[in-house]
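# Examining the three-dimensional arrangement
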Amino acid sequence: MSRGLNWLQALAGGQALAGYPASVKVVDGTLGARTARYIAVVPDAENPFPRARNGEVGLLEGWALGQALDEVIAADRDKADKRVLVAVVDVPSQAYGRREEALGIHQALAGAVDGYARARLAGHPVIALLVGKAMSGAFLAHGYQAQRIIALRDPGVMVHAMGKAAAARITLRSVEELEALAESVPPMAYDIDNYATLGLLWETLSVDSIEQPSADDLARVRDCLSKAVADIGDSSDLRGRLGAPNREASSRVRELLRAQW
């Protein structure tokens, strides 16, 4: 059982909705006084696409995420109090394979990204809770469009464009050399503290048992999620990501572009 599934079940309770592949779990529940939809991509040893059997986001997963989001947008279109969307993130990668490329994984994952973005712009508070790996295109498809990203503090919670072994092969370096570079180049690091300096995390949170959350862990995380919803308020943009020290140049470039425009 994966971290993502453990946290989804613990936070949301209830039964996963029917109509989705086994690798995508969707549960409607509550968050404080608000209704909420919790979504996770989980391992499925019987996935018909072998490259997506360990929690990767592939063709089925991309389209299913889009479906789960489209349903919420349509159902809540005329409601003043729209459902909170919580992406529970533990995804090691997008699914790499010839079949995935031939059948349009780029479109499937773009559909998921578009669903999250449209939900956010339609007034749904979108939060990503990182409980494990948030890697590569999988994180872009599932969680990266959130207005608030919360990460649990644990060595197993990592964010990066690709795994260390793959990055070492691509750059013709050893894993040890990459780790040494990461000490001076924050975007190359995998740990949450370095990632936080990029301004993309709203909060990092310590828990006692990340594999099997305790009652205290759940209370702490639910409280943090509720505070994130309150902090989002009526906003629908991602401008809160530009305040960190390592984003000063990005902020300045945006100011100059606005001035010239």
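See above for the structure.
Residues numbered from 1 in each chain as written. Predicted model: local features only at pLDDT ≥ 70, side-chain atom pairs only at ≥ 80, totals over all residues. Heavy atoms only, no water.

## Thoughts on the overall build of the protein chain
So the rule is basically this: Runs of E in the DSSP output that reach at least two residues are strands. Runs of H or I that reach at least four are helices, and both are numbered from the N terminus. Our radius of gyration looks at C-alpha atoms and nothing else; its globule reference is 2.2 Å times the residue count to the power 0.38. Buried means the residue's accessible area, taken with a 1.4 Å probe over protein chains only, is under 20% of the maximum for its type, while exposed means over 50%, and partly exposed covers the values in between. Contact between two residues is taken to exist if any of their heavy atoms lie within 4.5 Å; hydrogens are not considered. Positive charges are assigned to Lys and Arg, negative charges to Asp and Glu, while His and the chain termini are left out of the count. By convention, charge coordinates are those of NZ in Lys, CZ in Arg, CG in Asp, or CD in Glu.
The helix and strand inventory of the protein chain stands at ten helices and seven strands. Computed over the C-alpha atoms, the radius of gyration of the protein chain is 18 Å, within 12% of the 18 Å expected from 2.2 N^0.38 for a compact globule of 261 residues. Projected onto its principal axes, the C-alpha coordinates of the protein chain cover approximately 50 × 50 × 40 Å. Looking at the protein chain residue by residue over its 261 residues, the buried ones come to 49%. For the protein chain, the share of sequence-separated contacts (at least 6 apart) that also reach a separation of at least 24 residues comes to 70%. Measuring between centres, the 29 positive side-chain charges of the protein chain sit 5 Å from its 32 negative side-chain charges.

## Some remarks on the side chain of Gln147
To be explicit about the condition: Nitrogen and oxygen atoms within 3.5 Å of one another constitute a polar contact, given that in protein one can donate a hydrogen and the other can accept it, and given that sequence-neighbouring residues count only through two side-chain atoms.
Within the secondary structure, Gln147 is located in the loop between α5 (136-141) and β5 (148-152). According to the relative accessible area criterion, Gln147 is buried, its value standing at 6%. In this structure the side chain of Gln147 is engaged in a polar contact, spanning 2.8 Å, whose partner is the backbone nitrogen of Val126. Setting aside residues up to four positions removed in sequence, Gln147 forms contacts with Arg120, His124, Pro125, Val126, Ile232, Ser235, Ser236, Asp237 and Leu238.

## A few points about the packing of aromatic side chains
Note the following rule: Stacked, tilted and edge-to-face pairs are distinguished by plane angle, under 30 degrees for stacked and over 60 for edge-to-face with tilted covering the rest, among Phe, Tyr and Trp rings (Trp via its six-membered ring) whose centres lie within 6.5 Å. Charge over a ring is defined by NZ of Lys or CZ of Arg lying within 6 Å of the ring centre and within 35 degrees of the ring normal.
Under the definition given, this model contains one aromatic pair. A ring pair is formed by Phe139 and Tyr144, whose centres lie 5.4 Å apart and whose planes are at 75°; its orientation type is edge-to-face. Judged by its relative accessible area of 3%, Phe139 is buried. Judged by its relative accessible area of 25%, Tyr144 falls in the partly exposed class. Seen from the ring of Tyr144, Arg241 lies directly overhead, with NZ or CZ sitting 4.7 Å from the centre.

## What about the pairing of β5?
Working note: regular strand, side chains alternate between the two faces of the sheet. Here is the rule: For a crossover, the right-handed case is the one in which the path from the first strand over the helix to the second runs clockwise, viewed with the strands pointing away from the viewer. Strand pairing requires that DSSP identify at least two bridges connecting the strands.
Counting buried positions over the five residues of β5 gives five, a clear majority of the element. Running through α5, the crossover from strand β4 (residues 126-135) to the neighbouring parallel element β5 is right-handed. Bridge analysis of β5 against strand β7 (residues 203-205) gives three bridges, and the strand direction is parallel. Counterpart to Ile150 in the pairing with β7 is Glu203.

## Structural notes on the pattern of salt bridges
Counted only if it meets this: The term salt bridge refers to a pairing of a side-chain nitrogen on Lys or Arg with a carboxyl oxygen on Asp or Glu at a separation within 4 Å.
Inspection of every chain in the model, using the stated rule, returns 16 salt bridges. For the salt bridge of Arg148 with Asp231, the shortest nitrogen-to-oxygen distance reads 2.8 Å. Here Asp231 lies in helix α9 (residues 215-232) and Arg148 lies in strand β5, a separation of 83 residues in the sequence. Among the residues examined, Arg148 registers a relative accessible area of 11% and is labelled buried. Look at Asp231 and you get partly exposed, because its relative accessible area is 40%. Here Asp237 makes a salt bridge to Arg239, at a shortest N to O gap of 2.9 Å. Since its relative accessible area comes to 65%, Arg239 is described here as exposed. Three or more residues are tied together by salt bridges with common partners; here these are Asp28, Arg37, Glu71, Asp76, Lys79 and Arg83.

## Here's the deal with the environment of Gly123
Here Gly123 shows up in the loop between α4 (105-121) and β4. On the basis of relative accessibility, which here comes to 41%, the residue Gly123 falls in the partly exposed class. Taking the C-alpha atoms as reference points, Gly123 and Ala219, separated by 96 residues in sequence, lie 26 Å from one another.

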